[in-house]
Amino acid sequence: MPVASMKELQSHPSGKLGGMVRRYRPDSRFSIGLLGAFAALVRELVEFRSHILMLFSNEFKASYRGTALGVVWNLLLPLLPISVYVLLASLRVFPKFEGIAPAVYIGFNVTLWFLFTGFINRPIQVVRSRNAEIMKTAMPLSASIASSFAQLCFDSLLRIALVAALMAATATIPTLASAALLLVVLAGSIFFLSIGLLLSILNVIYPDIDRVVTIILQYGIFLSGVIFPISSMGPLAVLETTNPFSVFIQAARDAVFLGTLSHPAALAAWTGAGLIALLVSARFFYLMEYRIRGLA
């Protein structure tokens, strides 16, 4: 058991009541390296894969249990936020950008925005809400976070289907470079997952972090090229290469609609930063999990 590997409480040899000693074993997590911690987290996910599936299934059913429309809510609710932007675009509130129909442009961008921000928000929410519950079990926090990502991926697939329908309705044809979209989304997901893992632990220490993140993201959508191209914002155009949200969303949009990257150097730089950040944040998360669960 994970608890026993960190400490044991034993009766004092004298047999006196209340005589308890704490024995620490030398196999502390603090001796593990970057790659070792990342590999350990992957092993946890493989070991608890059935629990992850069960958690996702239970939460999926709980979200509509007792409602009149049932599972329909799981199909409608993920589409409501993006439908608001699409409606505004259809009413010609937004002009045509980069030769792309406004509804497609914004629907595509908002889908990626919710996916990337989900990789930041969900680890914070899971660690904050489930930490006390998981302390009583052997299930690692990584498994609970992974189950929440299953819901995030399900919601994203629904939004992608809506964007595909909008592309068909507006006769928007993707380029041959669209295959690179998966690589761009993977790179962006790795980067923002790293941020989410790091902030999820720091939020336990400094509970104001989740509120600060919420405020930043609420304003950040307007500074990430999601609603309007950053290139049209004058001095703020520098954010095209310095804002990771903008870089990954722009690269994904370029791959699907333009067939060429606008800022390949910035994409390469942020992708490399994401790989390094993943190893660092994975080790930090792995080391600190026992501390915040009170096991070390």
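Residues numbered from 1 in each chain as written. Predicted model: local features only at pLDDT ≥ 70, side-chain atom pairs only at ≥ 80, totals over all residues. Heavy atoms only, no water.

### A word on the overall build of the chain
For the chain, the helix and strand inventory stands at 12 helices and two strands. Taken across its 296 residues, the chain has 45% of its residues classed as buried. In the chain, the proportion of contacts linking residues at least 24 apart, taken out of those at least 6 apart, comes to 72%. When the accessible surface of the chain is summed, it comes to about 15400 Å², and 70% of that surface belongs to carbon and sulfur atoms. (Helix = DSSP H or I, 4+ residues; strand = E, 2+ residues; numbered from the N terminus. Buried < 20%, exposed > 50% of the residue type's maximum accessible area, 1.4 Å probe, protein only. Contact = heavy atoms within 4.5 Å. Areas by Shrake-Rupley, 256 points an atom, 1.4 Å probe, with all protein chains shown as cover.)

### Quick look at the side chain of Arg159
Mapped onto the fold, Arg159 is located in helix 7 (residues 141-169). Residues contacting Arg159, with those up to four places away along its chain left out, are Pro78, Leu79, Ile82, Thr111 and Phe114.

### Let's talk about the nonpolar core
Considering soluble globular proteins, one finds that nonpolar side chains tend to be buried as a cluster. In this structure, Phe116, Phe192, Phe248 and Phe285 are the most contacted members of the largest nonpolar core, which totals 65 residues. Mapped onto this core, the elements with two or more residues apiece are helix 2 (34-47), helix 5 (80-90), helix 6 (102-134), helix 7, helix 8 (181-205), helix 9 (209-220), helix 11 (244-258) and helix 12 (264-292). No other element matches helix 6, which puts 15 residues into this core. Apart from residues lying up to four places away in sequence, Phe116 is in contact with Val185, Gly188, Ser189, Phe192, Phe245, Phe248 and Ile249. Residues Phe48, Leu55, Met139 and Ala146 belong to the second largest nonpolar core, which totals six residues. (Core = buried A, V, L, I, M, F, W, Y, C linked by side-chain atoms within 4.5 Å.)

### A closer look at unusual backbone geometry
Most peptide bonds take the trans form, and the phi angle of most residues other than glycine is negative. Here the phi dihedral of Ala171 falls at roughly 60°; this positive angle occurs in a residue that is not glycine. Position of Ala171 relative to the elements: it lies in the loop between helix 7 and helix 8.

### Observations regarding the packing of helix 8 against helix 12
The contact between helix 8 and helix 12 brings their axes to 8 Å, and the two run at 30°. With respect to the hand of their crossing, helix 8 and helix 12 are arranged in left-handed fashion. In terms of residue class, the contact of helix 8 with helix 12 is built from 20 nonpolar, five polar and no charged. (Axes fitted to C-alpha atoms, helices over the stretch in contact; angles between N-to-C directions. Left-handed = near helix turned anticlockwise from the far one by under 90°. Nonpolar A, V, L, I, M, F, W, Y, C, P; charged D, E, K, R; others polar.)

### Things to note about a nonpolar patch on the surface
Together, Val84, Leu87, Leu88 and Leu91 make up a nonpolar patch on the protein surface, roughly 370 Å² of accessible area in all. Following the sequence through the fold, Val84 ends up in helix 5. Given the relative accessible area of 48%, Val84 is considered partly exposed. (Patch = residues over 30% accessible without salt bridge, like charges linked within 9 Å, V, L, I, M, F, W, Y side chains within 5 Å. Salt bridge = Lys/Arg side-chain N within 4 Å of Asp/Glu carboxyl O.)

### Here we look at the packing of aromatic side chains
By the definition in use, this model includes 10 aromatic pairs. Ring geometry for Phe108 and Phe257: centres 5.2 Å apart, planes at 75°, overall edge-to-face. Placement of the pair is Phe108 in helix 6 and Phe257 in helix 11, with a sequence separation of 149 residues. Phe108 gets classed as buried once you look at its relative accessible area, which sits at 9%. Under the relative-accessibility criterion, Phe257 is labelled buried at 12%. Residues Phe191 and Phe192 carry aromatic rings whose centres are separated by 5.1 Å and whose planes lie at 90° to one another, so their mutual orientation is edge-to-face. There is no split in this pair, since Phe191 and Phe192 are both buried. (Phe/Tyr/Trp six-rings, centres within 6.5 Å; stacked < 30°, edge-to-face > 60°.)

### As for the environment of Gly274
Mapped onto the fold, Gly274 is located in helix 12. What makes Gly274 buried here is its relative accessible area of 1%. Along the sequence, Gly274 and Ile190 sit 84 residues apart, while their C-alpha atoms lie 5.9 Å from each other. In this structure Gly274 touches Ile190, Phe191 and Ser194, once residues within four positions along its chain are discounted.

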